[in-house]
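Read off the chains here:
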Amino acid sequence: MCQHQPPCPTADSNDREAARLMAHHPEQGWSLLCNGVLLFEDTGELLPDGQIIAPHRSLKSDQVMKAA
């Protein structure tokens, strides 16, 4: 699928998020990577084979909101 040199990481590799952006829609919260991965702003992913990767954003202690 990828025509870049060096080629982008494949959708099944651990560094799949390093692939180049093909389409970016921040207003809708998603981006399409060169390897066919749909990357969502919450860090969840949808792989080309339909596999779902749960969001995996790490939150720093200063980013966590607490109820009053």
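Up top is the structure.
Residues numbered from 1 in each chain as written. Predicted model: local features only at pLDDT ≥ 70, side-chain atom pairs only at ≥ 80, totals over all residues. Heavy atoms only, no water.

## Focus: the pairing of strand 2 (residues 30-33)
Residue alternation in strand 2 divides its side chains into a buried set, S31 and L33, and an unburied set, W30 and L32. Sheet topology places strand 1 (residues 21-25) next to strand 2; 4 bridges connect them, and they run antiparallel. When the bridges of strand 2 are listed, A23 appears paired with L32. Note that strand 2 and strand 3 (residues 38-40) share 3 bridges and pair antiparallel. Among the inter-strand pairings, L32 is bridged to a residue of strand 3, identified as L38. (Buried < 20%, exposed > 50% of the residue type's maximum accessible area, 1.4 Å probe, protein only. Helix = DSSP H or I, 4+ residues; strand = E, 2+ residues; numbered from the N terminus. Pairing = 2+ DSSP bridges.)

## A look at the side chain of S31
As for its placement among the helices and strands, S31 is situated in strand 2. Classification of S31 as buried rests on a relative accessible area of 8%.

## Some details on the nonpolar core
Counting residues in hydrophobic clusters, the biggest one holds 8 residues: C8, A11, A19, L33, C34, V37, L47 and I53. Apart from the residues lying within four places of it in its own chain, the contact partners of V37 are A11, R16, S31, L32, E45, L46, L47 and P48. (Core = buried A, V, L, I, M, F, W, Y, C linked by side-chain atoms within 4.5 Å. Contact = heavy atoms within 4.5 Å.)

## A word on the environment of T10
Here T10 shows up in the segment before strand 1. Those residues within four positions of T10 in sequence are excluded, and the remaining contacts are R16 and N35. In terms of polar contacts, T10 uses its side chain to reach the side chain of D12, at 2.5 Å. (Polar contact = N/O pair within 3.5 Å; in protein donor to acceptor, adjacent residues only side chain to side chain.)

## Topic: the sheet that holds strand 3
Across the sheet, 5 strands lie side by side as 1-2-3-4-5; this open sheet has antiparallel pairing. Only two strands of the sheet have a single neighbouring strand rather than two, namely strand 1 and strand 5 (52-53). With 2 bridges connecting them, strand 4 (residues 45-46) and strand 5 associate as antiparallel partners. Among the inter-strand pairings, L46 is bridged to a residue of strand 5, identified as I52.

## A few points about the pattern of salt bridges
This structure, assessed with the given rule, holds 1 salt bridge. Taking the shortest distance from any N to any O, the salt bridge between R16 and E45 comes out at 2.6 Å. Taken together, the positions of R16 in the segment before strand 1 and E45 in strand 4 put the pair 29 residues apart, joining distant regions of the chain. Judged by relative accessible area, E45 falls into the buried class, the value being 2%. (Salt bridge = Lys/Arg side-chain N within 4 Å of Asp/Glu carboxyl O.)

Limitation: the analysis is restricted to geometry and does not speak to function.
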